Amino acid sequence: MSPVKILAILLIAGGAAALAYGQFSYTQETHEAKLGPLDLAVKETRNVVIPQWMSAVAVGGGVLIFILDRR
């Protein structure tokens, strides 16, 4: 399988996953303090929203690359 087809499949899979879920979240440690035996940490949860148009473009681009790669 050529690298171009692998890229197309990854674009299609990633775009479909982004369409299905729409967002993802991650935890980021912002501050940390060590005061003797105490360890203090502040963790923030951040959400990243993936626009639907970007997901649709990824799926469409992957399909287009997959179709046009006829060697």
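Residues numbered from 1 in each chain as written. Predicted model: local features only at pLDDT ≥ 70, side-chain atom pairs only at ≥ 80, totals over all residues. Heavy atoms only, no water.

Caption draft 1: Main features of the overall build of the protein. Helices and strands together make up the secondary structure of the protein, namely two helices and two strands. The linear arrangement of helices and strands in the protein, starting from the amino end, is α-β-β-α. In terms of C-alpha radius of gyration, the protein reaches 20 Å, well past the compact-globule figure of 11 Å for 71 residues. Across the 71 residues that make up the protein, the buried fraction comes to 11%. Put simply, 55% of the contacts in the protein that link residues at least 6 apart link residues at least 24 apart. Accessible surface, the protein as shown: approximately 5700 Å² in total, 65% of it carbon and sulfur. Put simply, the protein has 6 plus and 5 minus side-chain charges, and the middle of one group is 17 Å from the middle of the other. (Helix = DSSP H or I, 4+ residues; strand = E, 2+ residues; numbered from the N terminus. Rg over C-alpha atoms; globule rule 2.2 N^0.38 Å. Buried < 20%, exposed > 50% of the residue type's maximum accessible area, 1.4 Å probe, protein only. Contact = heavy atoms within 4.5 Å. Areas by Shrake-Rupley, 256 points an atom, 1.4 Å probe, with all protein chains shown as cover. Lys, Arg positive; Asp, Glu negative; His and termini not counted. Charge placed at Lys NZ, Arg CZ, Asp CG, Glu CD.)

Caption draft 2: Examining the packing of helix α1 (residues 3–21) against helix α2 (residues 52–68) more closely. Axis separation between α1 and α2 bottoms out at 8 Å; the angle between their running directions is 155 degrees. Here α1 lies roughly antiparallel to α2, going by the angle between them. Crossing hand, α1 versus α2: left-handed. On the side of α1, the interface is formed by Val4, Lys5, Ala8, Ile9, Leu11, Ile12, Gly15, Ala16, Ala18 and Leu19, while α2 contributes Gln52, Ser55, Ala58, Val59, Gly62, Val63, Ile65 and Phe66. Within the contact of α1 with α2, the residues separate by chemical class into 13 nonpolar, four polar and one charged. (Axes fitted to C-alpha atoms, helices over the stretch in contact; angles between N-to-C directions. Parallel < 35°, antiparallel > 145°, perpendicular 65-115°, else oblique. Left-handed = near helix turned anticlockwise from the far one by under 90°. Nonpolar A, V, L, I, M, F, W, Y, C, P; charged D, E, K, R; others polar.)

Caption draft 3: Structural context of the environment of Ile12. Following the sequence through the fold, Ile12 ends up in helix α1. C-alpha separation for the pair Ile12 and Gln28, spaced 16 residues apart in sequence, amounts to 29 Å.

Caption draft 4: Here's a closer look at the packing of aromatic side chains. All chains considered together, the criterion is met by zero aromatic pairs. Positioned above the aromatic ring of Phe66, the side-chain terminus of Lys5 is 5.5 Å from the ring centre. (Phe/Tyr/Trp six-rings, centres within 6.5 Å; stacked < 30°, edge-to-face > 60°. Lys NZ or Arg CZ within 6 Å of the ring centre and 35° of its normal.)

Caption draft 5: Region of interest: α1. Between its first and last C-alpha atoms α1 spans 27 Å; for 19 residues at 1.5 Å apiece the expected length is 27 Å, and the two agree. Those residues of α1 that fall on the buried side of the exposure criterion are Ala8, Gly15 and Ala18. Buried residues of α1, viewed axially, fall in a sector of 100 degrees; they line one side. Facing away from the buried side of α1, by more than 90 degrees, are the exposed residues Pro3, Leu10, Ala20 and Tyr21. In this structure, the buried side of α1 is in contact with α2. Following α1 by one or two positions, Gly22 adopts a phi angle in the positive range, close to 80 degrees. (Expected span 1.5 Å × (residues − 1). Arc of directions from axis to C-beta.)

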